[in-house]
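Results of the structural survey
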Amino acid sequence: MIYTAETRKRPGESGEPIFYRDMPTPLGEMRLVASAKGLRGAWFTDQTPLPSAEGWTRTESDPILEQARRELDEWFAGQRRDFQVPLDPVGTPFQHEVWRALCKLEFGQLASYGEMARSVGRPKGAQAIGGAVGRNPVIIIIPCHRIIGADTSLTGFGGGLPRKQALLRHEGSQYLSRNPRARRVCDGQAQLPFEQPSFDWPPA
């Protein structure tokens, strides 16, 4: 996965052109946002808060957005397990450090906040890790859904716990409840390679 230059500025703040498009997925509509360097954001359109598209240009022809759309379609269809689209998220140096660490988690591999803290050299920084994970602007592609509690509890997710449960099931981990305290009932990748995936959405 390719990371471009880091910046603290908000999308478009420096006058750079920002492009976006919406795409359907089995878990609801997603909004993809790109700079000239890479994918800037990916959110479900019912997430709160969803960044305003004011000043952005809507397009169906941007090559980065098209690559992201194609790779996400393949991922949801069970035809892809990792992503190659270049990434250009906006965040602090620490947030970028955490997001890069997230990108090293392979399909079906889960990690706790404590494990992530140790992986970035901050063994006592689980709470700070949680803040950076929660501010991940590129959902699924930067796989914050793979972060769970030390006891395998589901914990939280910006796209909502029903989606996190579905995403983890897609990668081989079963949770019988959407409660944040629910614990995993099978080992990661236990059901892989999987058959054609199906998504129970919207949730009952």
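In what follows, the accompanying structure is described. (Residues numbered from 1 in each chain as written. Predicted model: local features only at pLDDT ≥ 70, side-chain atom pairs only at ≥ 80, totals over all residues. Heavy atoms only, no water.)

A look at helix H5 (residues 161-170)
- When you tally the buried positions in H5, you get 8 out of 10 residues, the bulk of the element.
- Every buried residue belonging to H5 is among Leu 161, Arg 163, Lys 164, Gln 165, Ala 166, Leu 167, Leu 168 and His 170, and all of these are buried. (Buried < 20%, exposed > 50% of the residue type's maximum accessible area, 1.4 Å probe, protein only. Helix = DSSP H or I, 4+ residues; strand = E, 2+ residues; numbered from the N terminus.)

Remarks on the pattern of salt bridges
- In this structure the tally under the stated criterion is 12 salt bridges.
- Glu 66 is paired through a salt bridge with Arg 21; the nearest N and O atoms lie 2.9 Å apart. Highlighted residues: Glu 66 in helix H1 (residues 63-76) and Arg 21 in strand S1 (residues 19-23), separated in sequence by 45 residues.
- Between Arg 69 and Asp 73 there is a salt bridge, with its nearest N and O atoms 2.5 Å apart. In this pair, Arg 69 and Asp 73 are both assigned in helix H1, 4 residues apart and thus about one turn of the helix distant.
- Relative accessible area serves as the criterion here: at 33%, Asp 73 is assigned to the partly exposed category.
- Salt bridges here are not isolated pairs; linked through shared partners, they connect Arg 21, Glu 60, Glu 66, Arg 69 and Asp 73. (Salt bridge = Lys/Arg side-chain N within 4 Å of Asp/Glu carboxyl O.)

Some remarks on the packing of aromatic side chains
- Applying the stated criterion across every chain, the model contains 4 aromatic pairs.
- Ring-pair connections join several aromatic residues into one group, and the members of that group are Trp 75, Phe 76, Phe 83 and Phe 107.
- A cation over an aromatic ring shows up here: Arg 163 above the ring of Phe 44, its NZ or CZ 3.9 Å from the ring centre. (Phe/Tyr/Trp six-rings, centres within 6.5 Å; stacked < 30°, edge-to-face > 60°. Lys NZ or Arg CZ within 6 Å of the ring centre and 35° of its normal.)

Regarding the side chain of His 96
- Mapped onto the elements of the fold, His 96 is located in helix H2 (residues 93-103).
- For His 96, a relative accessible area of 0% translates into the label buried.
- Reaching out from His 96, the side chain makes a polar contact with the backbone oxygen of Pro 89 at a distance of 3.4 Å. (Polar contact = N/O pair within 3.5 Å; in protein donor to acceptor, adjacent residues only side chain to side chain.)

Overview of the sheet that holds S1
- With mixed pairing, the 4 strands of this open sheet are ordered in space as S3-S2-S1-S4. Each of the sheet's edge strands pairs with one partner strand only, and the pair in question is strand S3 (39-44) and strand S4 (57-58).
- Across 5 bridges, the pairing between strand S2 (residues 30-34) and S3 is antiparallel. The residue bridging Leu 32 from the neighbouring strand is Ala 42, located in S3. (Pairing = 2+ DSSP bridges.)

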